[in-house]
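Each chain is listed here by its residues.
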Amino acid sequence: MSSTDPPISQQEIIATYRQLTSEMQSLIQQLTKAEMERNEHRLVEETLEPMDPERRAFRLVGGVLVERTVREVLPSVKENRVNYDATHYYRKLDTLTKHIEEKLEVKRKETLAWKAKYNIKTQEEIDAAQKQ
C-alpha cells in the first residue's frame, strides 16, 4: 500500500478477498463447463465417425429432437465443437479453455497477492498451523 492510498477497513479487505475468491470460483465453473462441452462433442464425433453415413441419427435442435442421417449430423456436431457459443461470443472450445485458464491464473495471482498483502489466513491454514 502506497502512502497515498487511503486506509482500508478490515471489512473492506475481507470483502475484497471474498469477491476475488468468488470470481475465481466463477472462472473454474466456466472452465469446467467448457471442458465438459468439448468432451461431449468429441465423444459424439468419435461415436458417429465409424457409422454408416446413411444410418439414422437424432439431434436436439432448440429443444426439439429431429431425425437426420449421420452424414447430416456429423458435420454440424464438428462445427458446434469448433464454434461453441460460450459467454456469448464464438471461440473454438480449445481456445476458450485456454483463455479461461489464463484468466484464472491471473485472478489466482491477484488473490494470493491480496492475501499476502493483508496477511489473510483461511480457517484451514489456521488449523494446520495449530496442529504443527
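Residues numbered from 1 in each chain as written. Predicted model: local features only at pLDDT ≥ 70, side-chain atom pairs only at ≥ 80, totals over all residues. Heavy atoms only, no water.

A few points about the overall build of the protein
The secondary structure content of the protein amounts to four helices and four strands. Here the protein, with 132 residues, has 25% of them falling under the buried criterion. For the protein, the share of sequence-separated contacts (at least 6 apart) that also reach a separation of at least 24 residues comes to 58%. When the accessible surface of the protein is split by element, carbon and sulfur atoms take 53% of a total near 9800 Å². (Helix = DSSP H or I, 4+ residues; strand = E, 2+ residues; numbered from the N terminus. Buried < 20%, exposed > 50% of the residue type's maximum accessible area, 1.4 Å probe, protein only. Contact = heavy atoms within 4.5 Å. Areas by Shrake-Rupley, 256 points an atom, 1.4 Å probe, with all protein chains shown as cover.)

Some words on the environment of Arg108
With respect to the helices and strands, the residue Arg108 is situated in helix H3 (residues 93-117). Under the relative-accessibility criterion, Arg108 is labelled partly exposed at 34%. Distance from Arg108 to Glu23, taken between C-alpha atoms, is 9.5 Å for residues 85 residues apart in sequence. One polar contact links Arg108 to Glu105, side chain to side chain, over a distance of 2.6 Å. (Polar contact = N/O pair within 3.5 Å; in protein donor to acceptor, adjacent residues only side chain to side chain.)

Topic: helix H1 (residues 10-48)
An ideal rise of 1.5 Å per residue puts 57 Å on 39 residues; H1 measures up with 57 Å between its terminal C-alpha atoms. Within H1, the full set of buried residues consists of Ile13, Tyr17, Leu20, Met24, Leu27, Leu31, Ala34, Arg38, His41, Glu45 and Leu48. (Expected span 1.5 Å × (residues − 1).)

What to know about the side chain of His41
Relative to the helices and strands, His41 resides in helix H1. Classification of His41 as buried rests on a relative accessible area of 13%. Sequence-distant contacts of His41, defined by excluding residues within four places in its chain, comprise Val77, Asn80 and Arg81.

Remarks on unusual backbone geometry
For Asn119, which is not glycine, the phi dihedral falls at a positive 50°. Examined against the element boundaries, Asn119 turns out to sit in the loop between H3 and helix H4 (123-131). Residue classification places Asn119 among the exposed positions, given a relative accessible area of 54%.

Some thoughts on the confidence of the model for the protein
Taken as a whole, the protein shows an average pLDDT of 85; of its residues, 87% reach a score of 70 or greater. Here residues 85-90 is a poorly scored stretch, pLDDT under 50, and it has seven contacts once near neighbours within four places are set aside; other chains count. (pLDDT = per-residue confidence, 0-100.)

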